[in-house]
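These are the residues of each chain, in order.
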Amino acid sequence: MATSIWWLRRDLRLSDNGALAAAAAKGSVVPVFVLDPKFAERAGAARMAFMLRNLRSLNDQMGGALVVLHGKPEEQIPRLAKALDVTDVHCARDFAPYGRARDQQVAAALAANGRRLVGSDSPYVIDPGVVLKDDGTALRVFTPFYKRWQQHEWKLVGDCAPTWKDASDFSDGIPHDPPCAATLPDAGETAAWTRWTTWAPHGLGDYKDVRNNPGIDGTSMLSAQLRFGVIHPRQLLAELPAGSGADHFRSEICWREFYADVMFHRPDSTWNNLQEKMDRLPVDTDDRAKHRFAAWCEARTGYPIVDAGMRQMLATGWMHNRVRMIVASFLVKDLHVPWQWGAAFFMRHLVDGDIASNNHGWQWTAGTGTDAAPYFRVFNPFGQSEKFDPDGSYLRTWIPEIAELDNTHIHAPWTLGLHAPAHYPAPIVDHAVEREEALARYKKVSGK
DNA sequence: TTTTGAGTTGTTCGA
DNA sequence: GTCGAACAACTCAAA
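Trainee: Tell me about unusual backbone geometry, residues and numbers included.
Mentor: Peptide bonds are mostly trans, and most non-glycine residues show a negative phi. A positive phi is found at Asp85, a non-glycine position, where the angle reads about 55°. In this structure, Asp85 sits in the loop between helix H4 (73-84) and strand S4 (88-91). Its identity as a non-glycine residue notwithstanding, His336 has a phi of 60°, on the positive side. For His336, the location among the structural elements is in the loop between helix H14 (321-334) and helix H15 (339-349).

Trainee: An account of the pairing of S4 is requested, with residue identities and associated values reported.
Mentor: The pairing of strand S1 (residues 2-8) with S4 spans 2 bridges and is parallel. Counterpart to Ile5 in the pairing with S4 is Val89. Here S4 pairs with strand S5 (residues 116-119) via 4 bridges, running parallel. Each residue of the ladder has a partner; that of His90, found in S5, is Val118.

Trainee: Lay out the sheet that holds strand S2 (residues 27-35) in plain terms, naming residues and giving numbers.
Mentor: The 5 strands lie next to each other as S3-S2-S1-S4-S5, forming an open sheet whose pairing is parallel. Either end of the sheet is taken by a strand with one partner, and the two such strands are strand S3 (67-70) and S5. Taken pair by pair, the neighbouring strands of this sheet meet at an average axis angle of 30°, ignoring direction. Pairing of S2 with S3 involves 4 bridges; the strand directions are parallel.

Trainee: Got a sec to walk through the domain arrangement of chain A? Specific residues and values, please.
Mentor: Domain annotation for chain A reports domain 1 (2-122), domain 2 (189-265) and domain 3 (276-446). One C-alpha centre belongs to domain 2, the other to domain 3; they are set 24 Å apart. Taken together, the elements giving at least two residues each to the side of domain 2 that touches domain 3 come down to helix H9 (223-227) and helix H11 (244-265). The biggest single contributor to the side of domain 2 that touches domain 3 is H11, with 5 residues. The class makeup of the residues in the side of domain 2 that touches domain 3 is 7 nonpolar, 5 polar and 2 charged.

Trainee: Hey, could you go over H4 for me, with residue numbers and the actual values?
Mentor: Over its 12 residues, H4 extends 16 Å from the first C-alpha to the last, a length consistent with the 16 Å expected when each residue adds 1.5 Å. Every buried residue of H4 is accounted for by Pro73, Glu74, Gln76, Ile77, Pro78, Leu80 and Ala81. The inward-facing, buried residues of H4 abut S1, S2, S3, S4 and helix H5 (97-111). Asp85 sits one or two residues past H4 and shows a positive phi near 55°.

Trainee: Any chance you could break down the packing of H15 against helix H16 (residues 355-366) for me, citing the residues and the numbers?
Mentor: Relative to each other, H15 and H16 sit at 145°, their axes nearing to 9 Å. Along this stretch, H15 crosses H16, giving a crossing that reads as right-handed. Counted together, Trp339, Gly342, Ala343, Phe346 and Met347 of H15 and Asn358, Asn359, Trp362, Gln363 and Ala366 of H16 form the full contact between these two elements. Of the residues in the contact of H15 with H16, the class split is 6 nonpolar, 4 polar and no charged.

Trainee: Please provide a residue-by-residue account of the nonpolar core, values included.
Mentor: Grouped together as the largest cluster of nonpolar side chains are 88 residues, with contacts concentrated most on Ile5, Trp6, Val32 and Val89. Discounting chain neighbours no more than four positions away, the residues touching Trp6 are Ala19, Leu20, Ala23, Val29, Val30, Pro31, Val32 and His90. Phe95, Val131, Leu139 and Phe258 belong to the second largest nonpolar core, which has 16 residues in total.

What counts as what
- Residues numbered from 1 in each chain as written.
- Chains lettered and ligands numbered in written order.
- Predicted model: local features only at pLDDT ≥ 70, side-chain atom pairs only at ≥ 80, totals over all residues.
- Helix = DSSP H or I, 4+ residues; strand = E, 2+ residues; numbered from the N terminus.
- Pairing = 2+ DSSP bridges.
- Axes fitted to C-alpha atoms, helices over the stretch in contact; angles between N-to-C directions.
- Domains from an automatic or database assignment.
- Nonpolar A, V, L, I, M, F, W, Y, C, P; charged D, E, K, R; others polar.
- Expected span 1.5 Å × (residues − 1).
- Buried ≥ 20, exposed ≤ 12 C-beta atoms within 10 Å, placed from the backbone.
- Contact = placed C-beta atoms within 7 Å.
- Left-handed = near helix turned anticlockwise from the far one by under 90°.
- Core = buried A, V, L, I, M, F, W, Y, C linked by C-beta atoms within 7 Å.

The structure is reproduced here in structure tokens:
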């Protein structure tokens, strides 16, 4: 029996893991994770810490067999393969732009010495690039994508019982967590499944209705685990009962796959507008915009729902999806700042930061991406707050300075005039004014 | 090939 | 308070 390497990247789990199963089928397995300096460039302490904690959990599950290497994958993986005299390196396919380029380099470096990088499985139920129209081209609208996506077959890989080969002599070790004040989700497969089994029985039933309410435990909050493959989305699909709540949850899983598919076909849309005509949309990047952006980052816009969302993200590495849309709309349409600034800030602070979901989510809000969103769709932060946090519980959790206000004024403390809390900032902009400004800018782009 | 219908998540205004 | 219409024009998908 041969020994092969299992290179973990975005599949930090032992259950239902196609790449691990492929490696284990050939003999003993050396599990390897490479701490790529490129990751630290974009990820903040929260995501780094969550990842390291998951590595520790995995290492415990493996009896200490995990080899952690520090450095560039295209150097570290071939070096280890050579040292261990291993022919095959197994991994799950990565479809994001950086991952594809990296894997090409690693595969080439391995091939130079007669070794192979073998891709099996991926972080998705259906691999990006597979769901296509009848004419073989990609889809750019969600609903038809969702219909076709559901017609594709998938099945669980199932668990395997790998024999770990001890190569710990080669390991650089798992570093300590970077300083991180945020309260993160518990790491590890067991904790992930505990969350699912405690949330799903009550959460799925009325998911469609309460998922938009940030003050309620209405979402699975498993995005970070999906990001790192602590849970595979097909494992969740396999758990779904019948019912409209579960149907809606399924469509949310599909959104993640849809955006990965869009990015696979258009890697340039990672940081550029998917719709080229939107390059003509005027955005502000001057000093005033920078100051406004700083206020947004530091949760002092004076709009409670916006500031609450930013505080939640800074404190926990996670923000409720409804609030992500609200703060994104505010940055793009009230402050007229490029969506890329917000997307990069999110990528730094989110534990679940996923380049495809994050950046195309931002593009959706900015009106530059998928979905020909009407240009007049401008979120009213006050109205959204009233509608989705009617009792103000979310606001009170994150902004104690205004917790004493009644359910009407808490959404808009400035309406109290002189009686507004002195220790909470006044709005940095007038939404009504900025809404008109945004409409004018967008209209300019749509009308030739 | 042409035509037709539709497109995650909204807001405002006036009846 | 509720409800429907208006807010444009375009791209996409499928018939």
